[in-house]
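If you want the building blocks of each chain, they are given just below.
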Amino acid sequence: MYKIVSIPGDGIGPEVVAGAVAVLKQLSTKHGFEIVIEEHPFGGASYDLHGEMLTEKTLEACKQCDAVLLGAVGGPKWEKLPHEHKPEAALLNIRKELELFANLRPAKVYDALLEASSLKAEVIRGTDFLVFRELTGGIYFGQPRGYDDNRGWNTMVYDRYEVERIARLAFEAAQKRDKKVISIDKANVLEVSQFWRNVVHEVHKDYPDVELSDMYVDNAAMQIVRNPKQFDVIVTSNLFGDILSDIAGMITGSLGMLPSASIGKHHALYEPIHGSAPDIAGQGKANPIATIASVAMMFEYSFCMPDIATEIYQAIEATLASGLRTADIANPGELSVSTTEMTEAIVRHLGA
Ligand code: IPM
Ligand code: MG
């Protein structure tokens with residue numbers, strides 16, 4: 001029995017999570033394993049109900065389950081709240097509380113969508129890499145931080161154990177892929193990056209079968225759009241990973257396609273890379289694929305059932321190959337389908 005906490009959240013969150021839940025139910029019937037899904041409020045939705053973005057009850061439920069499935073949080077309604085009460089702060093809070101130190105963001109180009117990218121098909125065809133973004137340290141959490149009328153300040157700091165554990169995960173993942181890790185930093189300017197680099201190289205000694213190289217973050221931003229096929233596994237700090245994973249996401253055509261996994265020693269959370277898209281919320285226009293693919297990552301990393309993950313990816317690919325497109329991935333002038341139609345087609349391709 002698998003216990004999943006679902007957090008639909010704000011904006012298009014509820015629509016895309018509904019798609020993922022439909023996929024979970026189909027898999028449970030098809031393979032005969034029991035899945036219990038418990039829904040909890042988070043973000044703006046929780047603030048409106050309880051005056052808090054992250055309640056003790058939601059947090060406790062996340063700590064007690066096997067995996068968390070999150071839609072998206074935030075929207076214009078809550079943007080004016082003070083910094084520490086914004087939905088973004090709640091997201092950082094849940095990451096920290098669950099100790100989700102590794103954020104995995106795959107950048108994989110689907111053949112059916114080659115034309116949806118803003119880059120040329122020949123540049124991106126065959127792109128398949130995985131970003132390991134450190135998620136609970138660095139400048140996002142470093143002290144001191146603050147601002148007054150005349151200054152603003154944050155601190156980028158890493159402890160050895162924080163770099164070691166994310167580096168290990170990246171090397172282990174590379175061992176199962178093309179055995180190439182690129183560590184991305186700004187060691188030509190930042191001491192904290194020089195430290196990062198030193199530690200990654202020390203950890204590398206335990207993984208001699210993996211090739212390690214370093215790249216400065218500005219160059220990496222350029223290389224990802226110039227020749228994305230050169231990457232296999234990327235490992236990088238919190239802020240650099242935030243930026244690079246958006247660049248990586250865009251080359252694949254649409255952020256609406258990309259899943260993510262945030263994992264720690266004891267907990268895991270799966271969510272689409274895209275945000276709450278308040279402009280299209282409630283209209284049935286959202287692409288559910290990123291959230292459905294996040295369920296695939298859940299089977300791979302939390303439930304250790306890579307075959308089921310493959311099944312989900314195959315159903316997504318078959319659906320795309322049949323020509324179905326939500327608005328974000330449709331070519332100009334092409335007809336698009338709704339969130340529910342896309343979901344139903346994927347469920348059908350999963351079979352019974
Ligand atoms: C992400 C987002 C978040 C981040 C924001 C919403 C706090 O951009 O998950 O990439 O910066 O980590
Ligand atoms: Mg981001």
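The structure presented is a predicted model; accordingly, all values stated were derived computationally and were not measured. (Residues numbered from 1 in each chain as written. Chains lettered and ligands numbered in written order. Predicted model: local features only at pLDDT ≥ 70, side-chain atom pairs only at ≥ 80, totals over all residues. Heavy atoms only, no water.)

**Quick word on the overall build of the protein chain**
Then, number 1: From N to C terminus, the protein chain includes 12 helices and 12 strands.
Then, number 2: The C-alpha radius of gyration of the protein chain comes to 20 Å, within 12% of the 20 Å expected for a compact globule of 352 residues.
Then, number 3: With respect to the principal axes defined by its C-alpha atoms, the protein chain has extents near 55 × 50 × 45 Å.
Then, number 4: Buried positions account for 53% of the 352 residues belonging to the protein chain.
Then, number 5: In the protein chain, of all internal contacts separated by at least 6 residues, the share reaching a separation of at least 24 is 74%.
Then, number 6: When the accessible surface of the protein chain is summed, it comes to about 15,700 Å², and 51% of that surface belongs to carbon and sulfur atoms.
Then, number 7: If the 33 positive side-chain charges of the protein chain are averaged to one point and the 48 negative ones to another, these points end up 3 Å apart. (Helix = DSSP H or I, 4+ residues; strand = E, 2+ residues; numbered from the N terminus. Rg over C-alpha atoms; globule rule 2.2 N^0.38 Å. Buried < 20%, exposed > 50% of the residue type's maximum accessible area, 1.4 Å probe, protein only. Contact = heavy atoms within 4.5 Å. Areas by Shrake-Rupley, 256 points an atom, 1.4 Å probe, with all protein chains shown as cover. Lys, Arg positive; Asp, Glu negative; His and termini not counted. Charge placed at Lys NZ, Arg CZ, Asp CG, Glu CD.)

**Side note on the nonpolar core**
Then, number 1: Counting 66 residues, the largest nonpolar core has Phe132, Phe171, Phe299, Ile312, Ile316 and Leu320 as its most contacted members.
Then, number 2: Considering every element that reaches this core, the biggest residue donor is helix 10 (residues 289-301), with 8 residues.
Then, number 3: A domain split of this core shows at least three residues from each of domain 1 (1-117 + 255-352) and domain 2 (118-251).
Then, number 4: Contact partners of Phe171, with chain neighbours within four places excluded, come to Val181, Val200, Val203, His204, Tyr207, Val210 and Leu212.
Then, number 5: One finds Leu59, Leu81, Ala90 and Leu98 within the second-largest nonpolar core, a separate group that totals 20 residues. (Core = buried A, V, L, I, M, F, W, Y, C linked by side-chain atoms within 4.5 Å. Domains from an automatic or database assignment.)

**Overview of the packing of aromatic side chains**
Then, number 1: Counted according to the given criterion, the structure contains 7 aromatic pairs.
Then, number 2: Between the aromatic rings of Phe33 and Phe299, the centroid separation amounts to 5.8 Å while the plane-to-plane angle is 40 degrees, which identifies the pairing as tilted. Taken together, the residues Phe33 in the loop between helix 1 (13-31) and strand 2 (35-39) and Phe299 in helix 10 connect sequence positions 266 residues apart.
Then, number 3: Residue classification places Phe299 among the buried positions, given a relative accessible area of 0%.
Then, number 4: Centroid distance Phe129 to Phe231: 5.5 Å. Interplanar angle 50 degrees. Geometry classified as tilted. A residue pair is termed long-range when its members are at least 10 positions apart, and Phe129 in strand 5 (residues 128-134) and Phe231 in the loop between helix 8 (217-226) and strand 10 (233-236) qualify at 102 residues.
Then, number 5: The exposure class of Phe231 is buried, given its relative accessible area of 3%.
Then, number 6: Members of the aromatic cluster, joined through ring pairs, are Tyr2, Phe33, Phe299 and Phe303.
Then, number 7: Over the face of the ring belonging to Phe141 we find Lys96, whose NZ or CZ atom lies 4.6 Å from the ring centre.
Then, number 8: Positioned over the ring face of Tyr140 is Arg133, at 5.3 Å from the centre of the ring. (Phe/Tyr/Trp six-rings, centres within 6.5 Å; stacked < 30°, edge-to-face > 60°. Lys NZ or Arg CZ within 6 Å of the ring centre and 35° of its normal.)

**So, the site of ligand 1**
Then, number 1: Within the structure, ligand 1 sits among Glu88, Arg95, Arg105, Arg133, Tyr140 and Asp242.
Then, number 2: Within the side chain of Arg95, a nitrogen or oxygen atom sits 2.7 Å from an oxygen atom of ligand 1.
Then, number 3: Separating an oxygen atom of ligand 1 from a side-chain N or O atom of Arg105 is a distance of 3.0 Å.
Then, number 4: With the chains in place, 73% of the 320 Å² that ligand 1 exposes on its own is no longer accessible.
Then, number 5: When grouped by side-chain class, the residues that make up the shell around ligand 1 number 1 nonpolar, no polar and 5 charged. (Near = heavy atom within 4 Å. Polar contact = N/O pair within 3.5 Å; in protein donor to acceptor, adjacent residues only side chain to side chain. Nonpolar A, V, L, I, M, F, W, Y, C, P; charged D, E, K, R; others polar.)

**So, the domain arrangement of the protein chain**
Then, number 1: According to the domain assignment, the protein chain consists of domain 1 (1-117 + 255-352) and domain 2 (118-251).
Then, number 2: Listed per partner, the contact involves 24 residues of domain 1 and 26 residues of domain 2.
Then, number 3: Summed over both partners, the interface of domain 1 with domain 2 buries about 2,400 Å², with 62% contributed by carbon and sulfur atoms.
Then, number 4: Contact with domain 2 buries surface across domain 1, with Phe101, Arg105 and Ser117 losing the most and accounting together for 30% of the total.
Then, number 5: Scanning the region where domain 1 abuts domain 2 turns up 0 salt bridges.
Then, number 6: Where domain 1 touches domain 2, the interface holds 9 residue pairs in polar contact (both at pLDDT 80 or more).
Then, number 7: Mapped onto the side of domain 1 that touches domain 2, the elements with two or more residues apiece are helix 4 (87-97), strand 4 (102-108) and strand 11 (259-263).
Then, number 8: With 7 residues, strand 4 is the largest single contributor of residues to the side of domain 1 that touches domain 2.
Then, number 9: The class makeup of the residues in the side of domain 1 that touches domain 2 is 14 nonpolar, 3 polar and 7 charged. (Buried area = accessible area lost by both parts, 1.4 Å probe. Salt bridge = Lys/Arg side-chain N within 4 Å of Asp/Glu carboxyl O.)

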